[in-house]
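Structural features, examined
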Amino acid sequence: MCIRDRLSNIGNSILFISVFLSISIIYLANKNLKASNNLIIKNNSATQGGAIYGEGSHPVHSGGRIDYCLMTNNNSMNGAAIYINEANNYGTNIRFCTIVENIGYGIGIGNNSSMTLWSSIIRENTLNQIIYDNSSEQLPLVIDGSNIQDGLDSINIPEAINFEYLYNIDVNPLFCDSENDDYSLAENSPCVGTGVDGTNMGALDVGCGPINIFPVINDIPDQQTNEEQPLVVEVSAYSELGYELSYFAESDTLAMPVYMDGNSVSIGVQVNWNGVG
């Protein structure tokens, strides 16, 4: 399936599910085109742009716009979800999109093209999240108010590029049920209200109540000591939601008093005591 040229709006609760086609689902060429409004593209395979491929731009207008689109499980070595190339030095605006679990790098920007990415979620794509392969160092790349897995480490760009990376996060977005293709946001998602101008990030709104994910505490192996040598153990834990953690410790016996300092716990041993605590 290929949609091109004069179509000015693609969307309005359209669901595209196409398995292993050889071309992109949407082809935006030589017009100021817009793909928007609850557009879902999944399970597609293409040479360039697994879901959307764009090239060219009308000389009077700015480049294309891609709003409120969910792209998942698409496959391409040149932009598993989106590939924009030879856009006559015009920019493509990608706003309120969820680009997740595609096979390849999520977004590719080629020659004579630029991109502004707003309030979007780009995560769990199998290679880098964003590749900027542009021979012109003057064209800008702007990423603002988005959730980008691994942050700057997942964005491959030339060192001299005009690049702005503003107010972005890297944290579990708390989708309601991504295993069953529900990429709406939990009520307590870090993507709620943290996009550009206080908007929600991603293509879908809040779709379920809060999801509680408890901190992960790394295992501590069994320790041994004696009454003359207090034991100091480092406690290591992290929050998938990016919360700051504080620590406390208590002992189940008075014979082994414990003291917490930051993430280090000191364990004393009562004189002439032998046992397990």
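In this report, we go over the structure that sits alongside the text. Since the model is a prediction, treat every value here as computed from it, not as a measurement.

Before going further, it helps to spend a moment on the sheet that holds strand β22 (residues 206–208). The strands that make up a sheet are held in pairs by hydrogen bonds between backbone atoms, and each pair lies either parallel or antiparallel. The strand order β20-β21-β22 describes an open sheet built from 3 strands, whose pairing is mixed. Every other strand in the sheet has two partners, leaving β20 (175–177) and β22 as the edge strands with one partner each. Along the sheet, successive strands turn relative to each other by an average axial angle of 70°, direction set aside.

Here Asp170 is to be found in the loop between β19 (162–166) and β20. The spatial distance from the C-alpha of Asp170 to the C-alpha of Gly151 is 5.9 Å, given a sequence separation of 19 residues. When sequence neighbours within four positions are dropped, the list of residues in contact with Asp170 reads Arg123, Asn147, Ile148, Gln149, Asp150 and Gly151. Among the polar contacts listed, one links the side chain of Asp170 to the side chain of Arg123, at a separation of 2.9 Å. Within the structure, the side chain of Asp170 is placed 3.0 Å from the backbone nitrogen of Asp150, a separation counted as a polar contact.

Another point: the pattern of salt bridges. What the rule picks out here adds up to 4 salt bridges. Its salt-bridge partner being Lys42, residue Asp181 comes within 2.6 Å of it at the nearest N-O pair. With Asp181 in the loop between β20 and β21 (182–186) and Lys42 in strand β5 (residues 39–42), the pair connects residues that are 139 residues apart, well separated along the chain. The partner of Arg65 in a salt bridge is Asp67, and the shortest N-O contact between them spans 2.6 Å. Several salt bridges share partner residues, and in doing so they unite Arg65, Asp67 and Arg95 into one network.

Rules used throughout
Residues numbered from 1 in each chain as written. Predicted model: local features only at pLDDT ≥ 70, side-chain atom pairs only at ≥ 80, totals over all residues. Heavy atoms only, no water. Pairing = 2+ DSSP bridges. Helix = DSSP H or I, 4+ residues; strand = E, 2+ residues; numbered from the N terminus. Axes fitted to C-alpha atoms, helices over the stretch in contact; angles between N-to-C directions. Contact = heavy atoms within 4.5 Å. Polar contact = N/O pair within 3.5 Å; in protein donor to acceptor, adjacent residues only side chain to side chain. Salt bridge = Lys/Arg side-chain N within 4 Å of Asp/Glu carboxyl O.

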